[in-house]
Structures are given as C-alpha cells and as structure tokens.
Amino acid sequence: MRIAMIGTGYVGLVSGVCFSDFGHDVICVDKDPGKIALLEAGKVPIYEPGLDALMARNVEAGRLSFTTDIARAVDGAEAVFIAVGTPTRRGDGHADLSYVMAAAEEIAASLTGYAVIVTKSTVPVGTNRKVKQAVARANPAAEFDVASNPEFLREGAAIEDFMKPDRVVVGVQNERAGTVMEEIYRPLFLRDFPIVTTDLESAEMIKYAANAFLATKITFINEIARLCEKVGADVKEVAKGIGLDGRIGNKFLHAGPGYGGSCFPKDTVALARTGQDYSAPIQIVETVIKVNEEIKHRMIDKILDLCGGSVNGKTVAVLGVTFKPNTDDMRDAPSLAIVPALVGGGAKVRVCDPQGRREGEALLPGVNWEEDPYKAAQNADALVILTEWNEFRALDLDRLARRMASPRMADLRNIYTARDAKRAGFEAYSAVGR
C-alpha cells in the first residue's frame, strides 16, 4: 500500500518508518528542507533507540523516502496521514489546530484519486469532522474518507510500542475506510494484537482520556509521597502494595518531580478546556494540572532545604534534564522549572545528561555542561538526580562523595536509599516520599 506521512516530527517519523517496515511504500513529507536533507543523508533528527537502523534498512529496501513536495507524496497514495504538531495555543490552553488544517487543505489540492485521510496527530473531539469539511471545501470533487488513528508511543520505546502495541485505535465512518485501515495494520491483525474500531469522536476521546488517566496516576502517587514524608511511610512500599492490585496496576506509580514531555502537559490542558467548552468540566484533570505544577516547586524547596535554605554561591550538580530517560525531549521537563530556579537563586549549576545537551543549551542558559557525572560533582555542594537514566542508576556513590565539597544528594527519582548514601559518606540525603 502507498502511504504519505505529512510531518516528520516524533510521531510522523516513527510511524512512517514502522509502516515501511510493515512492507508499505511510505513517503514522509516535511516543509523543512534542512530536516529532509538530514533524513536523506541517513541521519535521524531525534533520539529514539533503534530508529536510525530501522530507517536505513527500509530506505535501502526502497520502501521509504523523504520529500518536501506534498503533491508528489499524495499523488496515488491510498492513505495520507496527518502527523503535524498540535501545541497548546497561547492564551486559552486549547490545542492549536492550524498545522492540521493547513495540512488538510494542502492534501485536498493534491488528491488524484480515492484516499483515506488519517489524523495521527493528537486532536480534540470533532477535529476529524472539521478536516473532512476543510478538504471538501478546498476540493469539492475529491473522493476521500477521514479516519482517526491516535498514537500511543512512549518516547524511548516507540518502535516496540508500534510493533507490539497494547491496542490500535481506529475511528472511521464507513466500511470502505475501515478496510483501508485494516490493510495498513494487517501485520498486527494477523498477530492478534487488539484493534479497536470505533467512531471518530470515540477514537479522539480515547487518546485524551488515556493520557489524562496516566497523568492522574502520576500525580496521585506524588501526592501520596508528600503525605508519606509527613507520616514516616515509604512511598515505594506503598506503590508496590497498591500496584499489586490488578484493578490498579503498578505502572505510572513512581513518585518524582512531576510529569512532563510532549503529551501529558498539553493533552491534559486541552481535555480540561474541552470539558469547559461543553459545560462538562473535568475537575479531576483540572486539579491534576494544578498539582503537577506545585510538585515541581516542592522539589525546588526540597533542594533548598538540603542546602540549608539557600543555594546562593553554591555549586549544584544536576544529573538528567530530559523529561524521561532514553529521549532527548525537553518539552515541559521538570528541569525547565527546577534548574532556572537554582540559577536564579545564585547557584553555579553543572548539568550532565546523555542526550539533553542539544536542546538543553538553549533552554537552560547559565549552566555548565559536563559529559561525565563525576566531573559534574567535582567540588559540588549538592547533587540532584532529576532523570533516571541507566547511567545514573549504578553510580559509585563513594567516588561521588569523595569528589564533592559537601556531599549532599537530592534523589528526586528514588534511585538510591538513605542507607546507600550514608554508607558512601553523604552528609545528607533527600528523596521523594521516603
């Protein structure tokens, strides 16, 4: 099957590469000639484990190509995926659909035969119907259907998620579109992965509801962590105890500095705004958004307390600034609130992150970057673990403590224990919910 993928951001590129590995002929489109040139040179503009090798294999097989020419990509395509950004709109919190609608109009002008226009971008309920109207308005003679196919890819594990999904959600209006979508996902149908076929609105809502629920789980355990600190309980033990209940599950019950990334922050806000627009406010989600911001500030206070109430004139080593490990994504990462607060408080901040420097240099001015965590800790007054990269899970704590001027650790991902830190010679250790 011939597929056009509009947008080569995280979702578009991963999806396009994986579809080509299914055996489809895929052309990925982007307006940025620099990005297309990079891709044509075999270089991946994002960090995602395994993506470069998978991309190279399918380019070599002739199933995957890249272009800035949307008309060339859409011509003859049986399915055209829209995978452009839907950032939070300034001022009101709604998802900005301008890129989606612009793509729809360009697709309309390029259609040469029947195609299913599939929205892969995360969009509010009702967007696919607006896409249909926009295409029909721009090209009244066009023969097409629309479909909703939200993504559920975890950064750092996206290929595994695409190839072995928990489920694939497809929203369609008729059997013809459903048949095309079934053919696209045929390799997953044959291996009995769950395919949820539903209407457009339900498919759109599934995506937002799923992300909002996961964000709620994270925020819930962070609130429990705060109470654990007050009453002397251990949040890791609490999470284990409740997570063994099959009705709850153990995923997303890890206390820390709050959620971030490209999905949860903007999707929770967009869902809350949709609820308000339809006079059905989702008060739980509204509270989750508020509490998640408060959690970041609680982490700042935790670091200040560790340093005697002030970081002015002190050297602080920060390990990890991406919003999660195995990605270079800095969008809405807790570090974007915490690190500037340390710099603003007069601290000399050294940062070490395996993949965060490319984006982080522009987003975190006033810090010094180190490639090695032990160099970052040299003569430091405090060490802060913000992202649980594997490289930081097995540090030589004795070596760290010896290098530091004042061995103090704020372990905001609960990688270690107070006993580990004390044995290594740390004067003070602070975790989350313990």
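Keep in mind the model is a prediction, meaning the values are calculated, not measured.

Novice: An account of the pairing of strand β10 (residues 348–352) is requested, with residue identities and associated values reported.
Specialist: The element β10 is largely enclosed, with a buried count of four among its five residues. Judged from the five bridges that link them, strand β9 (residues 315–319) and β10 form a sheet pairing that is parallel. Bridge pairing in β10 links L319 to C352. Traced from β9 through helix α14 (residues 335–344) to β10, the parallel crossover comes out right-handed. Handedness of the crossover is the feature at issue here: the chain leaves β10, passes through helix α15 (residues 357–363), returns alongside strand β11 (residues 368–369), and the resulting connection is right-handed.

Novice: Any chance you could break down the packing of aromatic side chains for me, citing the residues and the numbers?
Specialist: Scanning the entire structure with this criterion turns up eight aromatic pairs. Ring geometry for F19 and Y185: centres 5.5 Å apart, planes at 65°, overall edge-to-face. Of this pair, F19 sits in helix α1 (residues 10–21) while Y185 is found in the loop between α8 (175–184) and α9 (186–190), placing the two residues 166 residues apart along the sequence. Each ring, one from F22 and one from F162, has its centre 5.7 Å from the other, and the planes form 50°; the classification is tilted. In this pair, F22 sits in the loop between α1 and β2 (25–29) while F162 sits in helix α7 (residues 158–163), placing the two residues 140 residues apart along the sequence. Here the two residues F22 and F162 agree in accessibility, since each one is buried. Through pairs of rings, three or more aromatic residues link up here, namely F19, F22, F81, F162 and Y185. A cation over an aromatic ring shows up here: R167 above the ring of F152, its NZ or CZ 3.8 Å from the ring centre.

Novice: Tell me what's going on with the environment of R434, and back it up with residues and numbers.
Specialist: For R434, the location among the structural elements is in the segment after β14 (428–430). What makes R434 partly exposed here is its relative accessible area of 35%. Here the alpha-carbon distance between R434 and R247, two residues 187 residues apart in the chain, equals 25 Å. Not counting residues up to four positions away in its chain, the partners in contact with R434 are E229, A233, D234, V235, K236, N414, Y416, T417 and Y429.

Novice: Can you break down the nonpolar core residue by residue, with the values?
Specialist: The biggest cluster of nonpolar side chains holds 43 residues, and the ones touching the most others in it are L13, F19, F81, M181, I184 and Y185. At seven residues, the largest contribution of residues to this core is made by α1. Among residues more than four places away in sequence, those in contact with F81 are I3, A4, M5, I6, F19, V118, K120, N149, M181 and I184. Core analysis: the second largest hydrophobic core is formed by 35 residues, A239, M330, V349 and L364 among them.

Novice: Let's hear about the sheet that holds β14: which residues, and what values?
Specialist: One open sheet holds the six strands; their spatial order is β11-β10-β9-β12-β13-β14, and the pairing between them is parallel. If you trace the sheet from one side to the other, it starts and ends with β11 and β14, each paired once.

Novice: Please set out α8 residue by residue, giving values where relevant.
Specialist: A177, V180, M181 and I184 are the residues of α8 that are buried. Here the buried residues of α8 occupy an arc of 95° about the axis, which is enough to place them on one side. Between the side-chain oxygen of the N-cap and the backbone nitrogen of R176 there are 3.3 Å, and the N-cap of α8 in question is N174.

Reading the values: the criteria
- Residues numbered from 1 in each chain as written.
- Predicted model: local features only at pLDDT ≥ 70, side-chain atom pairs only at ≥ 80, totals over all residues.
- Heavy atoms only, no water.
- Buried < 20%, exposed > 50% of the residue type's maximum accessible area, 1.4 Å probe, protein only.
- Helix = DSSP H or I, 4+ residues; strand = E, 2+ residues; numbered from the N terminus.
- Pairing = 2+ DSSP bridges.
- Right-handed = clockwise from strand over helix to strand, strands pointing away.
- Phe/Tyr/Trp six-rings, centres within 6.5 Å; stacked < 30°, edge-to-face > 60°.
- Lys NZ or Arg CZ within 6 Å of the ring centre and 35° of its normal.
- Contact = heavy atoms within 4.5 Å.
- Core = buried A, V, L, I, M, F, W, Y, C linked by side-chain atoms within 4.5 Å.
- Arc of directions from axis to C-beta.
- Polar contact = N/O pair within 3.5 Å; in protein donor to acceptor, adjacent residues only side chain to side chain.

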